[in-house]
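# Fold and contact review
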Amino acid sequence: MKIARFSHDDAIMYGIVDESDLVVLAGDPMFAGYEPTGQRVPLADAALLAPVIPRSKVVCVGKNYHDHAAEMGGTAPEEPLLFLKPNTAVIGPSDTIVRPSLSQQTEYEGELAVVIGKIAKNVTAADALSYVLGYTIGNDVTARDLQRKDGQWSRAKGFDTFCPLGPVIETDFDPASATIETRVNGEVRQHARLTDMIHSVASIIEYASAVFTLLPGDVILTGTPAGVGAFDAGDIVEVEISGLGILRNVVRDAR
């Protein structure tokens, strides 16, 4: 089932994708369930928004593919390398990524995003997937020059617009059968199987929930494969995961 958050007639709604229509729900399905209102909105008439705005945080995993760790000049850590993005970094499909004037090297990082569906604290890997509402696509936009300069990642990863998410949340998704691909202006820059991740979704949830409580709506970005690189104003960045769709954003410089 694909869950969308969208704007229509100056209202923000939630719906289930049914071919070319959205079956409008009574509220956020994370809290209100899947009660239909009886209204249907054509997908063509809706503006898709970020499918979730994290209630507290976006948890990210660094260097979770061996080839990406190598291209960054090191080996992959034995345990998940965690960092956070603020929820103010989140934008949706078709929204604009803004390159800040403070950075001269802003880069894409296409990633699988996991949406937490219920409170998770100290969960085991065996039970971890029962805490997942579904999956979507993320782009861990990074000011790479500031990351190197600062020696830590908060500023480089945390600018407004630096966490595109979308287009929808898929509740029935198996990462083991999917591939991820990132394109800039149609040119393939990243391509990998999700099974190439070092730490699985379940093991990441176990590890993260031992550190801090995961709340409904929190998002986990699971890491990016090799091929990260810079983009410029006017570029179109697309991240595609088979079974989840395409997250597409245009880039502009800060005004």
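Refer to the structure above for everything that follows.
Residues numbered from 1 in each chain as written. Predicted model: local features only at pLDDT ≥ 70, side-chain atom pairs only at ≥ 80, totals over all residues. Heavy atoms only, no water.

## Examining the overall build of the chain
The secondary structure content of the chain amounts to six helices and 20 strands. Computed over C-alpha atoms, the radius of gyration of the chain comes to 17 Å, within 12% of the 18 Å expected from 2.2 N^0.38 for 255 residues, which places it in the range of a compact globule. Viewed in the frame of its principal axes, the chain has a C-alpha envelope of about 55 × 45 × 30 Å. Of the contacts formed within the chain by residues at least 6 apart in sequence, a portion of 72% connects residues at least 24 apart. Both charge centroids of the chain, one from 21 positive and one from 34 negative side chains, sit 6 Å from each other. (Helix = DSSP H or I, 4+ residues; strand = E, 2+ residues; numbered from the N terminus. Rg over C-alpha atoms; globule rule 2.2 N^0.38 Å. Contact = heavy atoms within 4.5 Å. Lys, Arg positive; Asp, Glu negative; His and termini not counted. Charge placed at Lys NZ, Arg CZ, Asp CG, Glu CD.)

## Considerations on the sheet that holds strand β20 (residues 245–253)
The strand order β9-β20-β19-β15-β16 describes an open sheet built from five strands, whose pairing is mixed. A strand with exactly one partner marks an edge of an open sheet, and here the two such strands are β9 (96–99) and β16 (187–193). Taken pair by pair, the neighbouring strands of this sheet meet at an average axis angle of 20°, ignoring direction. In this structure, strand β15 (residues 179–184) lies alongside β16, joined through six bridges in antiparallel fashion. (Pairing = 2+ DSSP bridges. Axes fitted to C-alpha atoms, helices over the stretch in contact; angles between N-to-C directions.)

## Side note on the nonpolar core
Membership of the largest hydrophobic core comes to 30 residues, with the highest contact counts inside it found for Leu165, Val219 and Leu221. Elements with a minimum of two residues in this core: β6 (58–62), β8 (90–91), β11 (110–116), β14 (163–170) and β17 (219–221). Here this core gets three residues from one element, more than from any other, and that element is β14. With sequence-adjacent residues up to four places away left out, Val219 is seen in contact with Val52, Pro54, Lys57, Val58, Val59, Ala113, Val114, Val115 and Leu165. Of all hydrophobic cores here, the second largest spans 29 residues; its members include Ile116, Val132, Val201 and Ala208. (Core = buried A, V, L, I, M, F, W, Y, C linked by side-chain atoms within 4.5 Å. Buried < 20%, exposed > 50% of the residue type's maximum accessible area, 1.4 Å probe, protein only.)

## Examining the environment of Ala47
Mapped onto the secondary structure, Ala47 falls in strand β5 (residues 47–48). Judged by relative accessible area, Ala47 falls into the partly exposed class, the value being 39%. Excluding residues within four positions of it along the chain, Ala47 makes contact with Arg5, Phe6 and Ser7.

## With respect to the side chain of Thr142
As for its position among the elements, Thr142 is in strand β13 (residues 142–143). For Thr142, a relative accessible area of 0% gives the class buried. Within the local environment of Thr142, its side chain forms a polar contact with the side chain of Glu109, the two groups lying 3.5 Å apart. Beyond its immediate stretch of four places on either side in the chain, Thr142 contacts Gln105, Thr106, Glu107, Glu109, Gln147, Ala156, Lys157 and Phe162. (Polar contact = N/O pair within 3.5 Å; in protein donor to acceptor, adjacent residues only side chain to side chain.)

## Remarks on the sheet that holds strand β10 (residues 106–108)
Taken in spatial order, the three strands make up an open sheet running β13-β10-β18, and their pairing is antiparallel. Of all strands in the sheet, those bounded by a partner on one side alone are β13 and β18 (229–230). Where β10 lies against β18, two bridges are found, and the strand directions are antiparallel. Its bridge partner being in β18, Glu107 is matched across the sheet by Ala230.

## Some points on the packing of aromatic side chains
With the rule as written, the count across this model stands at three aromatic pairs. Plain terms: the ring middles of Phe83 and Trp153 are 5.0 Å apart, the flat faces sit at 75° to each other, and that makes the pair edge-to-face. Placement of Phe83 in strand β7 (residues 81–85) and of Trp153 in the loop between α4 (144–150) and α5 (154–158) is noted, with a sequence separation of 70 residues between them. Note on Phe83: relative accessible area 10%, which makes it buried. With a relative accessible area of 24%, Trp153 lands in the partly exposed category. Note on Phe159 and Phe162: the rings are 5.2 Å apart at their centroids and 55° apart in plane angle, and the pair reads as tilted. The same class applies to Phe159 and to Phe162, which are both buried. Directly above the ring of Tyr131 sits Lys118, whose terminal nitrogen or CZ lies 4.9 Å from the centroid. Here Lys157 stacks its cationic end above the ring of Trp153, 5.5 Å away from the centre of that ring. (Phe/Tyr/Trp six-rings, centres within 6.5 Å; stacked < 30°, edge-to-face > 60°. Lys NZ or Arg CZ within 6 Å of the ring centre and 35° of its normal.)

## Describing unusual backbone geometry
Generally, phi is negative for residues other than glycine and the peptide bonds are trans, each holding for most cases. Of the consecutive residues Gly166 and Pro167, the connecting peptide bond is found in the cis state with omega at 5°. Mapped onto the secondary structure, Pro167 falls in strand β14. Of note, the phi angle at Lys63 is positive, near 55°, even though the residue is not glycine. Of note, Lys63 is situated in the loop between β6 and α2 (66–71). Phi is positive for Ser94, close to 75°, though the residue is something other than glycine. As for its position among the elements, Ser94 is in the loop between β8 and β9.

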